[in-house]
Amino acid sequence: MLNKSVKALIAYAEANGLIEQADEVWAINQILRVVGADSYKEPEEAVELPLSEILDNLCDCARETGTLTENSIVYRDLFDTKIMGAITPMPSNVHRKFNALYAQNPQEATDWYYKFSQDTNYIRRDRIAKDVKWVAPTEYGDLDITINLSKPEKDPKAIAAAKNMPAAFYPKCLLCKENEGYAGRVNHPARQNHRIMPVVINDSNWFLQYSPYVYYNEHCIVFNSRHTPMKIEPATFRKLLDFVKQFPHYFVGSNADLPIVGGSILAHDHFQGGHYTFAMEKAPIETPLTFDGFEDVEAGIVKWPMSVIRLRSSDDNTLVELGAKILAAWRSYTDKDAFIFAETDGEPHNTITPIARMRDGKFELDLVLRNNITTEEHPLGVYHPHAELHHIKKENIGLIEVMGLAVLPARLKEELNVLADALVNGADIRADERICKHAGWADELKANYTFTAENTMDILKKEVGIVFAKVLEHAGVYKRDEAGKQAFLRFVGSIKD
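Read on for an overview of the structure. (Residues numbered from 1 in each chain as written. Predicted model: local features only at pLDDT ≥ 70, side-chain atom pairs only at ≥ 80, totals over all residues. Heavy atoms only, no water.)

**What about the pattern of salt bridges?**
Close approach of charged atoms lets side chains of opposite charge pair. Per the stated rule, a full pass over the model turns up 34 salt bridges. When the shortest N-O distance is used, the salt bridge between Asp366 and Arg310 registers 2.8 Å. With Asp366 in strand S14 (residues 362-371) and Arg310 in strand S10 (residues 308-313), the pair connects residues that are 56 residues apart, well separated along the chain. The class of Asp366 is buried, set by a relative accessible area of 0%. With relative accessibility at 5%, the residue Arg310 sits in the buried group. Here Asp366 and Arg357 are joined by a salt bridge, their closest N and O atoms 3.0 Å apart. The pair Asp366 / Arg357 is uniform in exposure class, with both members buried. Each of Glu281, Glu298, Arg310, Arg312, Arg357, Arg359, Asp360, Lys362, Glu364 and Asp366 takes part in one network of salt bridges that share partners. (Salt bridge = Lys/Arg side-chain N within 4 Å of Asp/Glu carboxyl O. Helix = DSSP H or I, 4+ residues; strand = E, 2+ residues; numbered from the N terminus. Buried < 20%, exposed > 50% of the residue type's maximum accessible area, 1.4 Å probe, protein only.)

As structure tokens, this is what we get:
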């Protein structure tokens, strides 16, 4: 098994440009060193296996040699990343290749870099393929739904080991540049096969990489070279527009910089982008706006469940200036009648989720108004999915969800299957602890549908999309009724010089 797996990995690495033919003997010895083997016999026949199977085999070999001492998924992930790291090109070589392609065409550079990030197994294709995805039609367009199954569950041994580890401060977080090449530990993923790409935006040093979990096509992360907190400010708009100027086929956006309405990593300034068109981008302007002094900017309120102002111009500096005015106005804006409070007891509540893109040769900036106020009735947030929707989505509504892609918890794969079976067979949903949380929702559905073995899952997928649309409506600071529209226009009217 060792010899065949080594030969298969060498063939894979050469076919995908990780090594050249002249590197073969060196690469074989690197793999043997990692696995803990001291000899190799070349198989006579060619060997071709899926990468996941090759790495599983080599992990098993390392178990036999005693190099891999624990056999759980966390330890196997650490180990197979070490194997791939041994045959991943050095960062300087990767930079040269990317830059040479970029000089010809930015999209050629990112196409290559995205494939490279998969070929090194930094993006694990076999796990991404397990994610459940579908498109749900709603009044706001087709929303993307995904049940995330690509993040491995931690096993009890790894959890116990992590508890006993001393506090670590290197790398400071999962986004820091020091992750490149890092060996990892039980509470931090290995990144020997990870390569990051330097970029300059707003005259500051940042890096480009892809998300290892790829929620959509070419899901990239653009992060500050310094470990510095998230902050939405005028310079943020400048950075976003600088990025799409360099990579006009990508969108890029930032999570908000406050808890509840922000992302999962607030300690490190970063953006997310990619080569994908979300439903929000397709949504039209339903209420045109004009801002004094910026009459040349196409502006308007977007037909979207959340509260979005879209700005469009061929002059990116104008968009930065107008975006800064809107941000400053929103930060300090209070409208008690609309339950909008800039702060309570000194705690700020208003911020923005901004998204930038190029469209038809012009710069476009979407500004999504956010507010993180909580109440006794809504302790997780007034502008957050309310309790009646938590059976589907309880987590924060970050940038990806804002644009129309639901990232739903892994539990829903089993729950929807069990619920579908219960609806078809008339089982007692409230008596099943796996799906009792969905009982009220199921009662509503039973009043509207006749369920059969053939149609039930399709109905559930459609209705999950409708729930997600409601999630976004809850997250919108201005509701989509006449009172909400008038309140939105009051804010727009408050934006002065």
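Having seen the model, we can carry on.
**Describing the sheet that holds strand S3 (residues 197-201)**
Reading across from one edge, S3-S4-S5-S7-S6-S13-S14-S10-S9-S8 is the order of the 10 strands in this open sheet, with antiparallel pairing throughout. Each having just a single partner strand, S3 and strand S8 (285-289) make up the two edges of the open sheet. In this sheet, adjacent strand axes meet at a mean angle of 25° when their direction is disregarded. Two elements, strand S6 (residues 251-253) and strand S13 (residues 350-359), share 2 bridges in a ladder whose sense is antiparallel. When the sheet's bridge partners are listed, Val252 is paired in S13 with Ala356. Sheet strands touched by helix H9 (residues 234-246): S3, strand S4 (204-210), strand S5 (220-224), S6, strand S7 (270-274), S13 and S14. Its angle to S13, the strand with the most contacts, is close to 20°. (Pairing = 2+ DSSP bridges. Axes fitted to C-alpha atoms, helices over the stretch in contact; angles between N-to-C directions. Contact = heavy atoms within 4.5 Å.)

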